[in-house]
Amino acid sequence: MSAVGPQNPNAAGPASLQERSLRSVWHPCTQMKVHERLPLLALARGEGAWLIETGGQRLLDGISSWWVNLFGHANARINQAIAEQLHILEHAMLAGCTHEPVVQLSERLSALTGGVLGHCFYGSDGASAVEIALKMSHHAWRNVGHPEKCEFVCVRGDYHGESLGALGVTDVPIFRDVYHALLRAAHVVASPDARLAAPGESARGPAHRAAAQVEQLFAERAPHIAALIIEPLVQCASGMVMHDPQFVREVRALCDAYGVHLIADEIAVGCGRSGTFFACEQAGVWPDFLCLSKGISGGYLPLSVVLTRTAIYEKFYSEEIARAFLHSHSYTGNPLACRAALATLDIFRDDAVLEKNRARGAYLDGLLAALREDPRVEHLRRCGMIWAFDVRETGQTGRAHDSASLSFAQRYFACARERGLLLRPIGRTVYLMPPYILSEDEMQYLARGALGALDATLGS
Ligand SMILES: Cc1ncc(COP(=O)(O)O)c(C=O)c1O
């Protein structure tokens, strides 16, 4: 094995897609050496909820391709919208120019908040939306004479992206610690994690305790704090950690009382993932900034957006250039991505998606019910279209794969793949985050495969 990755074992024949990829592509979120033991999935195409490997194996995409794909791969309606737009305007700069898709998308997103979040600023991916919200918050305070409000608060276990600003408000050690010296420290408050409830206590207990810690911090530091950023209802990347909406309500009230902005990062939980279109709806409050990405383009194209209140927008409106928000990205408001997003919103509107997802949720709950009694797992939980459970440490290493060198998550991934499923646990948390199009047969397949992969991984 060479230091640059596996070589083609059949030197005379053509290299496989995996081999070519390992020689030329640096894959994200990956220790590349692991692919000496764990093969890459070489994908030929996608079709509805399925990804099809070059060898023909079909994998049900149980995690919506990193939580982005809402209505399946190669969705006919989104395809058509993008194809139409391709012949109209593929891209134009958004400074000094505008176009129908970006205007319509902004109008429709704002309308979904009842007009409370009246202005949309566009980025490309999730991390860029977080950067925008953080900078905008500080700049808004600066524009009203409070340049000292430049600190941020995040929640234990929060994930907001990998760029330096976003990583600065991320509290997932594996992503953050190596870059510690490059980051601006944020205040970190306790997680409202429902699993922290004492016996007999409801999920509101930890929600309230976490909010109390926010209050304590605000009482000391609020004059220096620009914003609190949260992942409302589910802290996804740290293992689908769910909390009671009461946390969101309480921190909204605290932000109002102490003069701190609330940033809701709905990059993962927005667009219906939590059960409502926006997760904040379940708390009955709106943030000052709401970040969306991932599902907003149906999982097709990089697009992110920060929705903000008109009152904040007005703080930048002036004759003075330095008061303006001069942030930009070349592909801001890309028309193709906006058309994909408009087609996505059309599907939500025309197909009663949120209502049908409630029925899907109940059906899949039934299929996973056996896990409630399974001594190998704990904390089976669901929020909208996210299911998760934690697999206890047993001391067993499993026998289905070369377990000496692979983690639980990697072994589970391999066992799921053998069962025709794409699932990637986070640590020992197995989660399902499927697209919103699964039939009952597909849900049975998903549940059967997820449970079968658990048995195989634990070697039972
Ligand atoms: C809550 C949350 N915020 C931000 C991001 C960063 O988004 P991106 O990977 O598109 O930069 C993610 C990505 O998983 C996320 O889950």
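The structure this text deals with has already been given above.
Values in this document were obtained by computation on a predicted structure and should not be read as measured data. (Residues numbered from 1 in each chain as written. Predicted model: local features only at pLDDT ≥ 70, side-chain atom pairs only at ≥ 80, totals over all residues. Heavy atoms only, no water.)

Participant: What's the story with the overall build of the chain in this structure? I'm lost.
Facilitator: Counting its secondary structure elements, the chain contains 14 helices and 16 strands. Relative to a compact globule of 460 residues, whose C-alpha radius of gyration would be 23 Å, the chain shows 23 Å and is just as compact. Principal axes of the C-alpha set define a box for the chain whose edges measure 65 × 60 × 50 Å. Looking at the chain as a whole, 53% of its 460 residues qualify as buried. (Helix = DSSP H or I, 4+ residues; strand = E, 2+ residues; numbered from the N terminus. Rg over C-alpha atoms; globule rule 2.2 N^0.38 Å. Buried < 20%, exposed > 50% of the residue type's maximum accessible area, 1.4 Å probe, protein only.)

Participant: Sorry, what's going on with the sheet that holds strand 6 (residues 187–189) here?
Facilitator: Picture the strands of a sheet paired through backbone hydrogen bonds; they go either parallel or antiparallel. With respect to topology, seven strands assemble into an open sheet ordered 4-12-11-10-7-5-6, the strand pairing being mixed. If you trace the sheet from one side to the other, it starts and ends with strand 4 (119–123) and strand 6, each paired once. Averaged over neighbouring strand pairs, the angle between their axes works out to 20° when direction is ignored. Pairing geometry for strand 4 and strand 12 (residues 304–308), over five bridges, is antiparallel. Among the inter-strand pairings, F121 is bridged to a residue of strand 12, identified as V306. In the packing of helix 4 (residues 100–112) onto the sheet, contacts are made with strand 4, strand 11 (289–292) and strand 12, and the angle to strand 4 comes to roughly 125°. In the packing of helix 9 (residues 245–258) onto the sheet, contacts are made with strand 5 (151–155), strand 7 (225–230) and strand 10 (261–265), and the angle to strand 7 comes to roughly 170°. (Pairing = 2+ DSSP bridges. Axes fitted to C-alpha atoms, helices over the stretch in contact; angles between N-to-C directions. Contact = heavy atoms within 4.5 Å.)

Participant: Would you mind going over the pattern of salt bridges with me for this structure?
Facilitator: Pairing is possible between side chains of opposite charge, provided their charged atoms come close. Across all of its chains, the model carries 26 salt bridges by this definition. Between R339 and E84 there is a salt bridge; the shortest N-O distance is 2.7 Å. Highlighted residues: R339 in helix 11 (residues 335–350) and E84 in helix 3 (residues 76–86), separated in sequence by 255 residues. Overall, R339 belongs to the buried group, its relative accessible area being 18%. (Salt bridge = Lys/Arg side-chain N within 4 Å of Asp/Glu carboxyl O.)

Participant: How do you make sense of the environment of A203 when you look at a structure like this?
Facilitator: With respect to the helices and strands, A203 occurs in the loop between strand 6 and helix 8 (204–221). Using a relative accessible area of 24% as the deciding quantity, one classes A203 as partly exposed. Considered as a pair, A203 and P192 are eleven residues apart in the sequence and their alpha carbons are 8.2 Å apart. Once residues lying within four places of it in the same chain are set aside, the contact partners of A203 are A194 and D244.

Participant: What is the right way to read helix 14 (residues 440–458) from this model?
Facilitator: Think of an α-helix as 3.6 residues a turn; residues three or four steps apart then line up on the same face. Helix length check: helix 14 (19 residues) gives 27 Å between terminal C-alpha atoms against 27 Å at 1.5 Å per residue, within 8%. Every buried residue of helix 14 is accounted for by E442, M443, L446, A447, G449, A450, G452, A453, L454, A456, T457 and L458. Just beyond helix 14, the residue with positive phi is G459, at close to 75°. (Expected span 1.5 Å × (residues − 1).)

Participant: Just to check I follow, could you spell out helix 4 for this structure?
Facilitator: Between its first and last C-alpha, helix 4 extends 18 Å over 13 residues, near the 18 Å set by a 1.5 Å rise per residue. Listed as buried for helix 4 are P101, V102, L105, S106, L109 and S110. Each buried residue of helix 4 lies within a common arc of 155° when the element is viewed along its axis, so the set occupies one face. Set apart from the buried face of helix 4 by more than 90 degrees, the exposed residues are E100, E107 and A111. Lining the buried residues of helix 4 we find helix 3, strand 4, strand 11, strand 12 and helix 11. Two residues or fewer after helix 4 comes G114, characterised by a positive phi angle close to 65°. (Arc of directions from axis to C-beta.)

Participant: Explain the side chain of H35 to me, please; I cannot follow it from the model alone.
Facilitator: Tracing the chain through its elements places H35 in the loop between helix 1 (17–24) and strand 1 (43–47). There is a polar contact of 2.7 Å between the side chain of H35 and the backbone oxygen of L38. (Polar contact = N/O pair within 3.5 Å; in protein donor to acceptor, adjacent residues only side chain to side chain.)

Participant: Looking at this structure, how should I read the site of the ligand?
Facilitator: What surrounds the ligand is the set W67, D125, G126, A127, Y159, H160, G161, E231, D265, I267, A268 and K294. Here an oxygen atom of the ligand and a backbone polar atom of A127 are 2.8 Å apart. Here the ligand has 390 Å² of accessible area as a free molecule, and 84% of this is covered by the chains. Across the shell around the ligand, the residue classes tally to five nonpolar, three polar and four charged. (Near = heavy atom within 4 Å. Areas by Shrake-Rupley, 256 points an atom, 1.4 Å probe, with all protein chains shown as cover. Nonpolar A, V, L, I, M, F, W, Y, C, P; charged D, E, K, R; others polar.)

Participant: Looking at this structure, I do not really get the sheet that holds strand 16 (residues 429–432). What am I missing?
Facilitator: If you trace the three strands from one edge of the open sheet to the other, you get 13-14-16, paired in antiparallel fashion. Of all strands in the sheet, those bounded by a partner on one side alone are strand 13 (377–383) and strand 16. Across the sheet, the mean angle from the axis of one strand to that of its neighbour is 15°, orientation sign disregarded. Here four bridges tie strand 14 (residues 386–391) to strand 16, and the two strands are oriented antiparallel to one another. Within strand 16, the position partnered with W387 by the bridge is L432. Of the strands in this sheet, strand 13, strand 14 and strand 16 are in contact with helix 12 (residues 353–368), which crosses strand 14 at around 20°.

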